[in-house]
Amino acid sequence: MSTTTTPAPGRSVPGLGGPGGQSAAAPRVVRQRRRRPGLIALSVALIAAGGLSGALLFTASGQRTAVLVVARDVPVGAAIADADLAPASLALDPTVRAVPVARKSGMVGQRAAVALKAGALLSPAQVTSVSLVKAGEQVVGVALKPSQLPSSRIAPGQKVLIVSTPDANQAAAAGKAGEAGAAPKTLPATVVAVGAPAPATGVVVVDVAVPATDGPALAARVATGAVALILAPQDGS
């Protein structure tokens, strides 16, 4: 009668162990980690707070203001027309000074204190109500050929000199009198407006402000065509 022997725990059974008679290692039991509800709740709260902060930042940065921008170039000293300004909706830093769209009617008719460039944001400091024609001055239109004015752009507000150029008869008379080396007469003036060149001749009419005592003489001189315009030296030059 045969009997079956049950091996005791921890002992090896011949023929059942690994190489060399060693017993097989018992499999490891992986313990499941315990979930911590408090830690999960904290993570969810942090994620929600981060999302809320991002939403608030996006909302603040997306706030736009209706302001005025320059629609086309306006030279310094020129009067601002309605078509020179256009509305725009921009997100601006609080430190940026801009002109609201509601103030457009107050900007029209003002003069450009600086040269305004198309597409630029309009600032209150860029406009002025001061006229280029001061008290005691007259405006005289000076018709000039391309050879009588510099090729540089002439803009309102610039200081210029109106030079008297002798005609042929005056030049001949001056030569006989030995005055060929005399310096030409000049008259300081301020450019008020610049017209468009004439299609056929290229003649440009430049309105200048001069002292009222010199206005009539300058107008008579301009009628002869014996004048030229040069840019006055800038302050400090």
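Relevant structure appears above.
Residue-level account of the overall build of the protein chain, with values.
Regarding its fold elements, the protein chain presents four helices and nine strands. Written out in order from the N terminus, the α and β elements of the protein chain read α-β-β-α-β-β-β-β-α-β-β-α-β. Looking at the 237 residues of the protein chain, the share that counts as buried comes to 22%. Look at the contacts in the protein chain between residues 6 or more apart in sequence, and 70% of them connect residues 24 or more apart.

An account of the side chain of S123 is requested, with residue identities and associated values reported.
By the element assignment, S123 lies in the loop between strand 3 (111-112) and strand 4 (127-128). Aside from chain neighbours lying at most four places away, what touches S123 is R97 and V99.

Please give an account of the sheet that holds strand 9 (residues 227-231) that cites residues and values.
The strands that make up a sheet pair up through hydrogen bonds in the backbone, lying either parallel or antiparallel. Strand order in this open sheet of five strands is 5-8-7-6-9, and the pairing throughout is antiparallel. One side of each edge strand has no neighbouring strand; the edge strands of this open sheet are strand 5 (137-144) and strand 9. Neighbour to neighbour, the strand axes of the sheet diverge by 40° on average, direction disregarded. Two elements, strand 5 and strand 8 (residues 204-211), share eight bridges in a ladder whose sense is antiparallel. Across the sheet, the residue bridging to V140 is V208, located in strand 8. Sheet strands touched by helix 4 (residues 215-224): strand 5, strand 6 (159-164), strand 7 (186-194), strand 8 and strand 9. Its angle to strand 5, the strand with the most contacts, is close to 10°.

Cut-offs and rules
Residues numbered from 1 in each chain as written. Predicted model: local features only at pLDDT ≥ 70, side-chain atom pairs only at ≥ 80, totals over all residues. Heavy atoms only, no water. Helix = DSSP H or I, 4+ residues; strand = E, 2+ residues; numbered from the N terminus. Buried < 20%, exposed > 50% of the residue type's maximum accessible area, 1.4 Å probe, protein only. Contact = heavy atoms within 4.5 Å. Pairing = 2+ DSSP bridges. Axes fitted to C-alpha atoms, helices over the stretch in contact; angles between N-to-C directions.

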